[in-house]
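Here is what each chain is made of, one letter per residue.
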Amino acid sequence: MKNARVLTEGAVQLAIFTVLLLLSLYMPVFGMVTTFFLAIPFLLFTMRHTYKNGLLLLAASFVPSIWFGSFLSIPMTFMFASSGVAMGHVWRKKGGKYAVLLVGTLSFLLSMIIIYAGSVLFFDIHIGKQIEEIMQQSFQSAKAVLEQLGQPVNEQFEKTMKQTMDVVIDLLPTAFVFAAACFAWITQQAALPILKRLNMPIGNWQPFRELVLPKSLLWYYLAVMLLLFFPIEHGSFPYVALLNLFQVLQLLMTIQGFSFVFYWMHHKKMGRKGAIAIVVLSLFFRMSKMFVGEKKTGS
């Protein structure tokens with residue numbers, strides 16, 4: 001009886017996934033929304049019936065993915081299905097919401113790395129080169145428009161654009177990390193109302209002011225910052241690795257700093273509005289500084 005119930009629910013969840021997949025593939029606007037729900041059938045099924053059954057559902061999901069979609073839909077199925085199983089397993093083990101978010105981020109990131117490696121090895125598709133070609137075309141188009149307007153592009157502008165393209169390519173791994181975190185967070189937020197509706201345990205968010213990251217991250221951050229002062233060849237593997245590691249650690253340090261602001265304002269009983277204002281202003285000044293710096297470089 002139990003196996004029959006598991007099979008029945010598995011078939012239902014597989015059918016739901018198939019509908020969501022079709023909407024994601026063939027409805028451009030609405031599909032952008034349904035894409036973030038692709039992991040939820042696997043998440044729910046794993047929470048109820050262990051990760052082993054979740055992996056079986058993952059394997060079965062490739063059938064409708066190939067049948068109704070194409071071989072190109074297999075990477076998307078793999079990424080969302082595997083992440084749904086991972087997040088559902090952590091929730092089943094009574095992991096907190098931050099733990100679910102962390103595991104989801106790592107799962108999405110690992111899936112992206114596998115998909116990227118597969119695209120390079122089997123299809124000779126290099127995402128970095130494609131991004132570079134698109135940026136180069138955009139630069140040439142902008143250059144042509146400026147020349148038509150009687151504003152010739154100087155050498156400094158071309159140098160700045162070349163440096164910008166190099167930085168974008170070098171920071172591609174960081175973009176993968178941020179994208180994985182966004183996918184995990186959106187998936188989690190999309191799943192929460194459904195889990196509440198089904199009366200499933202979801203735990204509570206730890207207050208942001210109580211968030212304390214490992215202290216070792218600070219030493220890693222300082223070490224990476226010092227290493228970047230050494231003359232390292234741009235574009236080399238050590239340079240790219242340190243640059244991406246620095247960006248990720250810098251983001252974590254920023255989050256920890258914002259957490260301390262909320263803690264201090266709470267301790268002084270000043271309310272959250274002041275803390276939110278400080279965070280917004282700091283982000284505004286950061287963006288303004290970047291804009292002014294780019295403007296000075298381009299002038």
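Only a predicted model underlies this, so the values are computations on that prediction, with no experimental measurement involved.

**Observations concerning the overall build of the protein**
The helix and strand tally for the protein stands at 11 helices and zero strands. What you see in the protein, going N to C, is helices and strands ordered as α-α-α-α-α-α-α-α-α-α-α. Buried positions account for 31% of the 299 residues belonging to the protein. About 19,100 Å² of surface is accessible on the protein, with carbon and sulfur atoms providing 71% of the total.

**Focus on the confidence of the model for the protein**
Looking at the protein, pLDDT values average 80 and 90% of them are 70 or higher. At the low end of the mean pLDDT range in the protein sits helix α11 (residues 272-298), at 64; at the high end sits helix α4 (residues 73-92), at 90. Low confidence marks residues 291-299, where pLDDT is under 50. Its contacts with residues over four positions away, or in another chain, come to two contacts.

**Points about the layout of surface pockets**
In this model, the largest pocket occupies a volume close to 930 Å³. Along the walls of the largest pocket sit 20 residues, with Leu-101, Thr-105, Ala-181, Leu-252 and Ile-255 positioned nearest its centre. The set of elements that each furnish at least two residues to the lining of the largest pocket consists of α5 (97-123), α8 (172-197) and α10 (237-267). Counted by class, the lining of the largest pocket contains 18 nonpolar, two polar and no charged residues. The wall of the second largest pocket is formed by 18 residues, among which Pro-75, Ile-115, Tyr-116, Ser-119 and Phe-123 lie closest to the centre. Going through the elements one at a time, α4 and α5 are the ones with two or more residues in the lining of the second largest pocket.

**Here we look at the nonpolar core**
Across soluble globular proteins, nonpolar side chains show a tendency to be buried alongside one another. If you look at the biggest cluster of nonpolar residues, it comprises 36 residues, and the most contacted ones within it are Leu-43, Trp-91, Phe-108 and Leu-195. Counting residues per element, the ones that place at least two in this core are α1 (2-26), α3 (40-69), α4, α5 and α8. Ignoring sequence-local partners within four residues, the contact set of Trp-91 consists of Leu-43, Met-47, Val-100, Gln-188, Ala-191, Leu-192, Leu-195, Pro-201 and Ile-202. Counting eight residues, the second-largest nonpolar core is a separate cluster that includes Leu-217, Tyr-221, Leu-242 and Phe-246.

**Some thoughts on the packing of helix α9 (residues 216-227) against α10**
Here α9 crosses α10 at 140°, and the two axes come no closer than 9 Å. Taken together, the axes of α9 and α10 lie oblique to each other. As for the relative orientation of α9 and α10, their crossing is left-handed in sense. Along the contact surface, α9 presents Leu-217, Leu-218, Tyr-220, Tyr-221, Val-224, Met-225 and Leu-227, while α10 presents Leu-242, Leu-245, Phe-246, Leu-249, Gln-250, Leu-252 and Met-253. Of the residues in the contact of α9 with α10, the class split is 13 nonpolar, one polar and no charged.

**Focus: the pattern of salt bridges**
In the structure shown here, the tally under the stated rule is one salt bridge. Its salt-bridge partner being Arg-48, residue Glu-9 comes within 2.7 Å of it at the nearest N-O pair. With Glu-9 in helix α1 and Arg-48 in helix α3, this pair connects stretches of sequence that are 39 residues apart. Judged by relative accessible area, which is 12%, Glu-9 ranks as buried.

What counts, and where the lines are drawn
- Residues numbered from 1 in each chain as written.
- Predicted model: local features only at pLDDT ≥ 70, side-chain atom pairs only at ≥ 80, totals over all residues.
- Heavy atoms only, no water.
- Helix = DSSP H or I, 4+ residues; strand = E, 2+ residues; numbered from the N terminus.
- Buried < 20%, exposed > 50% of the residue type's maximum accessible area, 1.4 Å probe, protein only.
- Areas by Shrake-Rupley, 256 points an atom, 1.4 Å probe, with all protein chains shown as cover.
- pLDDT = per-residue confidence, 0-100.
- Contact = heavy atoms within 4.5 Å.
- 1 Å grid on protein atoms, 1.4 Å probe; cavity = no way out; pocket = protein on both sides within 12 Å on 5 of 7 lines; lining within 4 Å.
- Points joined across faces, edges and corners; volume = space filled by probe spheres on them.
- Nonpolar A, V, L, I, M, F, W, Y, C, P; charged D, E, K, R; others polar.
- Core = buried A, V, L, I, M, F, W, Y, C linked by side-chain atoms within 4.5 Å.
- Axes fitted to C-alpha atoms, helices over the stretch in contact; angles between N-to-C directions.
- Parallel < 35°, antiparallel > 145°, perpendicular 65-115°, else oblique.
- Left-handed = near helix turned anticlockwise from the far one by under 90°.
- Salt bridge = Lys/Arg side-chain N within 4 Å of Asp/Glu carboxyl O.

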